[in-house]
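The residues making up each chain are set out below.
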Amino acid sequence: MSFINVAFLQDVRKKAQAIQKQNTAPHMLSRGGYEYLEKKLMEEKRKKKLEEAAQFGSTDTVINPPSPIKRHVKWKLARTKKTRHMTSEPTKEIADKIVSHFQFIILIIFVYCVIE
């Protein structure tokens, strides 16, 4: 018969709850996690490419695979509820910063390419 120290387990539980309270950007993913989210997004991109090819009358049966999903897109989608709202206000602020930084980097790359 094993002995379980209930006071120890309660202490561990309290510590875990305290750590979880500090998480200001919780994700809304199910058991599949990021792997399932990425798989789902890749399928959507693949379907979109097939529809575009069919729309333009492409007779090419081989379609290039879609580009990988960017990390910031996955992070943002993981923290978006079904109602299209972020999980918390700090999460929304972080997502806005990420998007603005990404747009700035794209602008710098574009300007650099134009100058070259």
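The structure under discussion appears in the preceding block.
A brief report on the enclosed structure follows.

1. Concerning unusual backbone geometry
With a phi close to 70°, Arg-84 is a non-glycine residue in the positive phi region. For Arg-84, the location among the structural elements is in the loop between helix H3 (71-78) and helix H4 (89-115).

2. A look at helix H2 (residues 33-55)
With 23 residues, H2 should reach 33 Å at 1.5 Å per residue; the first-to-last C-alpha distance of 33 Å fits that figure. Residues Gly-33, Leu-37, Leu-41, Met-42 and Ala-53 constitute the buried set of H2. The elements touched by buried residues of H2 are H3. Following H2 by one or two positions, Gly-57 adopts a phi angle in the positive range, close to 70°.

3. Focus on the nonpolar core
With 5 residues, the main nonpolar core is built from Leu-37, Leu-41, Met-42, Ile-69 and Ala-78. With 3 residues, H2 is the single largest residue contributor to this core. Beyond its immediate chain neighbours, meaning those up to four positions away, Leu-37 contacts Leu-29, Lys-74, Leu-77 and Ala-78.

4. As for the pattern of salt bridges
Following the criterion strictly, the structure yields 4 salt bridges and no others. For Lys-74, the salt bridge identified is with Glu-38, shortest N-O distance 3.2 Å. In this pair, Lys-74 is assigned in helix H3 and Glu-38 in helix H2, connecting sequence segments 36 residues apart. On the basis of relative accessible area, Lys-74 is assigned to the buried category, the value being 13%. As a salt-bridge pair, Glu-43 and Arg-46 come within 2.8 Å of each other at their nearest N and O atoms. Here the residue Glu-43 and the residue Arg-46 both occupy positions in helix H2, the gap between them amounting to 3 residues, near one helical turn. We classify Glu-43 as partly exposed; its relative accessible area is 38%. For Arg-46, a relative accessible area of 34% gives the class partly exposed.

Definitions and limits used
Residues numbered from 1 in each chain as written. Predicted model: local features only at pLDDT ≥ 70, side-chain atom pairs only at ≥ 80, totals over all residues. Heavy atoms only, no water. Helix = DSSP H or I, 4+ residues; strand = E, 2+ residues; numbered from the N terminus. Expected span 1.5 Å × (residues − 1). Buried < 20%, exposed > 50% of the residue type's maximum accessible area, 1.4 Å probe, protein only. Contact = heavy atoms within 4.5 Å. Core = buried A, V, L, I, M, F, W, Y, C linked by side-chain atoms within 4.5 Å. Salt bridge = Lys/Arg side-chain N within 4 Å of Asp/Glu carboxyl O.

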